Amino acid sequence: MRNKILSLLLSVILMVALAGCSGDKETNTSSKGDGINFDEEPFTLTVAYAVNGDTPGDLAKVQEKVNEITLKKINAKVEFKPVAVSAMANTYTLAASSGEKLDLIMMLPGSRYITQYASTNMIRPLDEIVDQYGKDIQTSLGDILEVTKVNGKLYGIPGKRSYVQAKGFWLHDGLVKKHNIDVSQIKSVDDLDPILEKIHASEPDVQTFFPTGVSYYLLNFDNLGDGFGVLRDAGTKDLKVVNMLETEEYINTVKKVREWYQKGYISKDFATTQTTPTEMMDANKLFAAPNSTDFANAQLGNKVPKQYATIHAPVDITTNRQTYIWSVPAIAKRPEKSIQFLNLTFEDQELATLLKFGIEGEHFTKNSDGSIDTSKSNSKTFLQYWPIWGDGEKYPIEMRELVGLGGDIEKYNSAFEEWKKNTKTSKAFGFMFDPQPVKTEIASCTAVMEQYQKLLEGGALDPDKYLKIINDELYAAGLQKIIDEKQKQLDAWAKTQK
């Protein structure tokens, strides 16, 4: 009898134990991935990002669709907080000081803020969190993550552009065709001389040339962050830091622009006008301006088409990949949720497409060849022009991007692969200059350049006279100390790459 009772007790204990194990199993299956617990209340992420203009009118609709995905995948909801580019830095700084809820922020341009925010502990290091929750981020970005490391620690997730743009000119498509201009023959700044002369003589109501970003778009330097000390040939040959204003290519270019200014190709009010070159070209009031170029001549798909003339082939430099950077503020309560959301944008292409282009059928439609038509959408309804969500190489191709290749998606894909194959990489790719040791000198040199650069590069100042004046003031402000510090840091970094 005693043995029967003991046997019965053991059976009961075993049943209870099995029931307990069964309960544990049910709890585990309600968790998905690395530590995502679906039994807890969904966490709401406040995600701030820069916009160029007003908040898109249909953002609430898109947010609702986003949350249908994120609730199922990571047990979180997202509340978007668009911030005007002009107010971005102040918004983030005030939030950090007041403790306002922010879980994820996008910095634009990231290169301007990431070192500053990291050194002041406004944003937190992400190495361990990304190792645990960011496998798709790591797979997609690979070595690109090096561009968001400060003193060896990861502080951001860069937006992944599909390709590196080259440098050269935008030209008004209608005027190119009207005057039978062969854009493929424009290989240098000098090649534009006879073309500008022809346009200036034939089109009196059109400004011939607008000198925006001359040193950036018409010259081939790796600016190593701030431009005070650069690498020639975009860093593809050596790691010798030099003063840009003393290089032969800079001197020749500003002299050429000076010629164009004196010939009347450039408006005398270029330095004070509030109208952008894009707006001027769209209004048929401008023929040419420096700008980025790409393999597909995508600007031909715009309402007022522009053609590209590439004079410098694409080179991948650190700042190319630092335009858009996501970071997690130090005040974020659940940083792992922030990274889970970002990782999901790389993992789930439906989510990335929704965030970039909006709702299918309402903001875009799919074509049989896999491309999409976004012609009925814009920034006021919903269309995110910047590649800030997920893997840019996996976005569906917009029809307007195919115009330059005759609407042929196969030609587009072939040209895309050829462009990537021919893209070079700076020897300093991944290097991030720490400006703290020379921040006073940088501020002083910045003041000098703000006084002269736009006028010099726009042709309003005579380079033969002013280059010496500007260089003398830069060196007096501490330019050599900046160059020496940058060279020291670059040399130290280079030793770690071998």
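Predicted model only: the values in this text are computed from it and were never measured. Counting restarts for each chain, with residues numbered from 1 along the sequence as it is written. It should be noted that, the model being predicted, local features are given only for residues of pLDDT at least 70 and side-chain atom pairs only at 80 or more, the latter also being counted only at that level, while totals for whole chains, interfaces and linings use all residues. Excluded from the side-chain calculations are hydrogens and water; all other atoms, namely the structure's heavy atoms, are used.

1. A look at the sheet that holds strand E4 (residues 76-84)
Here's step 1: A strand pair is defined by DSSP finding two or more bridges across the two strands. Each helix corresponds to a stretch of at least 4 residues labelled H or I by DSSP, and each strand to a stretch of at least 2 residues labelled E; elements are numbered beginning at the N terminus. An order of E4-E3-E5-E14-E8 is seen for the five strands of this open sheet, with the pairing classed as mixed. With partners counted over all chains shown, the strands left at the sheet margins are E4 and strand E8 (157-158), one partner each.
Here's step 2: Two residues form a contact once any of their heavy atoms are found within 4.5 Å. To obtain an axis, a line is fitted to C-alpha atoms, over the contacting stretch when the element is a helix, and the angle between two such axes runs from 0 to 180 degrees between their N-to-C directions. Contacting strand E3 (43-51) and E4, helix H2 (residues 59-74) crosses the sheet at an angle of about 145° to E4.

2. A few points about the pairing of strand E5 (residues 104-107)
Here's step 1: The alternating pattern of E5 places Leu 104 and Met 106 on one face and Ile 105 and Met 107 on the opposite face, and all of these are buried.
Here's step 2: Alignment of E5 against strand E14 (residues 325-327), held across three bridges, turns out to be antiparallel. Directly across from Ile 105, in E14, lies its bridge partner Ser 327. For every residue, the accessible area (1.4 Å probe, protein chains only) is compared with the maximum for its type, and the residue is labelled buried under 20%, exposed over 50%, or partly exposed between those bounds.

3. Some words on unusual backbone geometry
Here's step 1: Here the residue pair Leu 108 and Pro 109 is connected by a cis peptide bond, since its omega of -10° sits within 30 degrees of zero.
Here's step 2: Its place among the elements puts Pro 109 in the loop between E5 and helix H4 (110-119).
Here's step 3: Residues other than glycine seldom take positive phi values, yet Asn 297 does so here, at roughly 50°.
Here's step 4: Mapping Asn 297 onto the fold places it in the loop between strand E11 (286-293) and strand E12 (306-312).

4. Some words on the packing of aromatic side chains
Here's step 1: Working definition: rings of Phe, Tyr and Trp (its six-membered ring) pair if their centres are within 6.5 Å, and the pair is stacked with planes under 30 degrees apart, edge-to-face with planes over 60 apart, and tilted otherwise. All chains considered together, the criterion is met by 21 aromatic pairs.
Here's step 2: With a centroid separation of 4.9 Å and an interplanar angle of 85°, the aromatic rings of Tyr 216 and Tyr 217 are classed as edge-to-face.
Here's step 3: Ring geometry for Trp 326 against Trp 389: centres 4.9 Å apart, planes inclined by 35°, an arrangement best described as tilted. With Trp 326 in strand E14 and Trp 389 in the loop between strand E16 (372-373) and helix H14 (409-422), this residue pair connects regions lying 63 residues apart in the sequence. As far as burial versus exposure is concerned, Trp 326 and Trp 389 are alike and both buried.
Here's step 4: One aromatic cluster in this structure is built from Tyr 49, Phe 80, Trp 326, Phe 341 and Trp 389.
Here's step 5: Cation placement over rings: the criterion is NZ of Lys or CZ of Arg within 6 Å of the ring centroid and within 35° of the ring normal. Here Lys 167 stacks its cationic end above the ring of Tyr 216, 4.4 Å away from the centre of that ring.
Here's step 6: Across from the ring centre of Tyr 261, 4.6 Å away, lies the NZ or CZ of Lys 268, which sits over that ring.

5. What to know about the sheet that holds strand E10 (residues 207-209)
Whether parallel or antiparallel, the strands of a sheet pair through hydrogen bonds between backbone atoms.
Here's step 1: With mixed pairing, four strands are arranged side by side in an open sheet as E10-E11-E9-E12. Each edge of the open sheet is held by one strand with a lone partner, namely E10 and E12. For this sheet, the mean angle separating the axes of adjacent strands, direction not counted, is 30°.
Here's step 2: Pairing between E10 and E11: two bridges, direction parallel. From the neighbouring strand, Gln 207 faces E11, where its bridge partner is Leu 286.

6. As for the environment of Ile 129
Here's step 1: Structurally, Ile 129 can be placed in helix H5 (residues 127-133).
Here's step 2: When its relative accessible area of 12% is taken as the criterion, Ile 129 is described as buried.
Here's step 3: As a C-alpha pair, Ile 129 and Ile 339 span 210 residues in sequence and 7.1 Å in three-dimensional space.
Here's step 4: Setting aside residues no more than four positions away along its own chain, Ile 129 makes contact with Arg 124, Gly 134, Pro 335, Glu 336 and Ile 339.

7. Observations regarding H14
An α-helical turn contains 3.6 residues, so a residue and the one three or four places further along point in the same direction.
Here's step 1: By this rule, a helix spans an expected 1.5 Å times one less than how many residues it contains. End to end, H14 covers 20 Å across 14 residues, agreeing with the expected 20 Å (1.5 Å per residue, within 8%).
Here's step 2: The set of residues buried in H14 consists of Ile 409, Tyr 412, Phe 416 and Trp 419. Down the axis, H14 shows its buried residues gathered within 80° of arc, on one side only. For H14, the exposed residues lying more than 90 degrees away from the buried face are Glu 410, Lys 411 and Lys 421.
Here's step 3: Check the buried side of H14 and you find it contacts strand E9 (166-172) and E11.
Here's step 4: Its side-chain oxygen at 2.9 Å from the backbone nitrogen of Glu 410, Asp 408 defines the N-terminal cap of H14. Regarding the arc, it is the one traced by the directions from the helix axis to the C-beta atoms. In protein, a polar contact means a hydrogen-donor-capable atom and an acceptor-capable atom, both N or O and within 3.5 Å, with residues adjacent in sequence counting only if both atoms are side-chain atoms; elsewhere, any N or O pair within 3.5 Å suffices.

8. Re the confidence of the model for the chain
Close reading of the predicted structure is inappropriate where its pLDDT is low.
Here's step 1: The pLDDT value expresses, per residue, how confident the predictor is, ranging between 0 and 100. Averaged over every residue, the pLDDT of the chain is 91; the share at 70 or more is 93%.
Here's step 2: Segment residues 1-33: pLDDT under 50, and ten contacts once partners within four positions in sequence are set aside and those in other chains are kept.

9. Some words on the nonpolar core
Here's step 1: In these notes, a set of buried Ala, Val, Leu, Ile, Met, Phe, Trp, Tyr and Cys residues joined through side-chain atoms within 4.5 Å is what counts as a nonpolar core. The biggest cluster of nonpolar side chains holds 71 residues, and the ones touching the most others in it are Phe 80, Ile 157, Trp 326, Phe 341 and Trp 389.
Here's step 2: It is E3 that contributes the most residues to this core, seven residues altogether.
Here's step 3: Not counting residues up to four positions away in its chain, the partners in contact with Trp 389 are Val 47, Tyr 49, Phe 80, Trp 326, Phe 341, Thr 345, Ala 352, Leu 355, Lys 356, Gln 384 and Tyr 395.
Here's step 4: By size, the runner-up hydrophobic cluster in this structure holds 33 residues, among which are Phe 209, Leu 218, Trp 260 and Leu 286.

10. With respect to the pattern of salt bridges
Here's step 1: Salt bridges are defined as contacts in which a side-chain nitrogen from Lys or Arg sits within 4 Å of a carboxyl oxygen from Asp or Glu. Counting across every chain of the model gives 27 salt bridges.
Here's step 2: Two residues, Glu 40 and Arg 334, come together in a salt bridge whose shortest N-O distance is 3.2 Å. Within this pair, whereas Glu 40 is found in the loop between strand E2 (36-37) and E3, its partner Arg 334 is found in the loop between E14 and helix H12 (335-347), the two being separated by 294 residues in sequence.
Here's step 3: Measuring nitrogen to oxygen at the nearest pair gives 3.4 Å for the salt bridge that ties Lys 420 to Glu 393. Pair noted here: Lys 420 is in helix H14 and Glu 393 is in the loop between E16 and H14, with a separation of 27 residues, a long-range link.
Here's step 4: For Lys 420, a relative accessible area of 30% gives the class partly exposed.
Here's step 5: By sharing partners, the salt bridges in this structure join Asp 190, Asp 193, Lys 256 and Glu 259 into a single network.

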